[in-house]
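This is what each chain is made of:
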Amino acid sequence: MALLSLRFAAAPAPVASPPARRARAATSFRASASPSPAVGRRRPQNVPGDFFVDHRCIDCQACRWMAPEVFKRIDGKAAVAAQPVSEEDRIKALQALLSCPTASIHTEKPAKEILQVQNMFPLPIDTDLLPGVYLCGYHSQDSFGATSYLITHPDGNILVDSPRYTAELANNIEKLGGARYMFLTHMDDVADHRKWAERLKCERIIHSDEVESVTADVEWKLTGNGPWNIGADFELIHTPGHTQGSVCLFYKPVKVLFTGDHVAKSEESDDLYLFLMYNRQPVSLQLDSMRKLLKLDFEWFLPGHGHRIHYKDVHAKDSAIESLIANYTS
Ligand SMILES: [Zn+2]
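Residues numbered from 1 in each chain as written. Predicted model: local features only at pLDDT ≥ 70, side-chain atom pairs only at ≥ 80, totals over all residues. Heavy atoms only, no water.

In the nomenclature of an unreviewed UniProt entry, the chain is known as Metallo-beta-lactamase domain-containing protein of Oryza brachyantha.

Encoded structure:
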């Protein structure tokens, strides 16, 4: 399917020197639901009981929004603040265990439901409001714990950013029809993109400004300022700021914007939040990119990190964006 390039008439953005990239972990890892030497690494901030978080936690937030009744941020990292009581909370905690990018969540006793929980991924987010939109789980440390998503669509499914590669997840994605495209929001969240492309035979998409040696063989490299389209339902919005070539995916029929690291929800409030400490570009450029989003008819932010946001309508979304811009320009 052709990608149509419709350029904005925007002036070229100022280019700042990119700060040193954060080191990528080269080791592979696997979540564990059985007793292991990690028991000795139990953070003292965990409450007593079966579930616990170890010291290797990178504070990626994933467990806290996946199982908020169980995991909290204590002394700068995740910890079990309350052991799950209901079966629902236990399943959510096990979903977080499998998704933890550093395999830092454990149970003292083997979890008998772990195979059942493995087969829940990709996980539907909201079958009524977001039909065909799934969480992939299995966050990768190589993507700094970022969330990835699967969209099922009659013209071909789309993976949004790269989960950690596992055969179990690949099998389950294939049962949902595989993926025709893997859309990569930016250079930080590419993780196991090559393994996924080889397994699913999907075409990868990334902006040319994000291409590094590990992504040199990506099939579709976007150039210019877009927007670009995948069929009638998807629009790719160039949102430089976090990185020069950050791109958001707008899924029009369900009014969702997949943002990568362009914007997220504050963990402390309902406000929108920018990861300024990780920005490669000036905040003024990122705010210009936020202004672009005012023109779009969507109600959901599905970010690379942290909680999803659903506004009651597009006006509430626009108010939140305007508040964010005001906060950073006042
Ligand atoms: Zn990033």
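> So what exactly am I meant to see when it comes to the overall build of the chain here?
Scanning the chain from N- to C-terminus turns up seven helices and 20 strands. Relative to its 330 residues, the chain shows a buried fraction of 56%. Here the chain displays about 13800 Å² of accessible surface, and carbon together with sulfur accounts for 54% of that area. (Helix = DSSP H or I, 4+ residues; strand = E, 2+ residues; numbered from the N terminus. Buried < 20%, exposed > 50% of the residue type's maximum accessible area, 1.4 Å probe, protein only. Areas by Shrake-Rupley, 256 points an atom, 1.4 Å probe, with all protein chains shown as cover.)

> Please clarify how the coordination of the zinc ion should be interpreted in this entry.
Perfect tetrahedral coordination of a metal by four donors corresponds to 109.5 degrees between them, and perfect octahedral coordination by six donors corresponds to 90 or 180 degrees. For the zinc ion, the full set of protein donor atoms is His186 (NE2), Asp188 (OD), His242 (NE2) and Asp261 (OD), and the range of their distances to it is 2.0 to 2.2 Å. The coordination sphere of the zinc ion comprises four donor atoms, whose angles at the metal cover 95 to 147 degrees; the geometry is irregular. Residue classification places His242 among the buried positions, given a relative accessible area of 1%. (Donors = N, O, S within 2.8 Å, 3.2 Å for Na, K, Ca; no water. Tetrahedral: all angles 85-135°; square planar, octahedral: opposite > 155°, others 65-115°.)

> I tried to follow the pattern of salt bridges on my own but got confused; where do I start?
One pass over the full model with this rule turns up 21 salt bridges. The closest approach of N and O atoms between Arg90 and Glu113, which form a salt bridge, is 2.7 Å. One end of the pair, Arg90, is in helix H2 (residues 87–99); the other, Glu113, is in the loop between strand E5 (105–107) and helix H3 (114–118), with 23 residues separating them in the sequence. Owing to a relative accessible area of 17%, Arg90 belongs among the buried residues under this scheme. You can call Glu113 buried: its relative accessible area is 5%. The closest approach of N and O atoms between Arg194 and Asp217, which form a salt bridge, is 3.1 Å. Note that Arg194 is positioned in helix H5 (residues 193–200) and Asp217 in the loop between strand E11 (203–207) and strand E12 (220–222), a separation of 23 residues in sequence. (Salt bridge = Lys/Arg side-chain N within 4 Å of Asp/Glu carboxyl O.)

> How should I be thinking about the packing of aromatic side chains in this particular structure?
As enumerated under the stated definition, the model contains eight aromatic pairs in all. Measuring from centroid to centroid gives 5.5 Å for Phe121 and Tyr138, while their planes differ by 70 degrees, and the two rings are edge-to-face. Of this pair, Phe121 sits in the loop between H3 and strand E6 (123–126) while Tyr138 sits in the loop between strand E7 (130–135) and strand E8 (149–151), placing them 17 residues apart in sequence. For Phe121, a relative accessible area of 1% puts it in the buried group. Each member of the aromatic cluster is reached from another via a ring pair, and the members are Phe250, Phe298, Phe301 and Tyr311. Positioned above the aromatic ring of Phe298 is the side chain of Lys317, whose terminal nitrogen or guanidinium carbon lies 4.3 Å from the ring centre. (Phe/Tyr/Trp six-rings, centres within 6.5 Å; stacked < 30°, edge-to-face > 60°. Lys NZ or Arg CZ within 6 Å of the ring centre and 35° of its normal.)

> Explain the environment of Ser323 here, please?
Here Ser323 lies in helix H7 (residues 314–329). Taking the C-alpha atoms as reference, Ser323 lies 8.4 Å from Leu272; in sequence the two are 51 residues apart.

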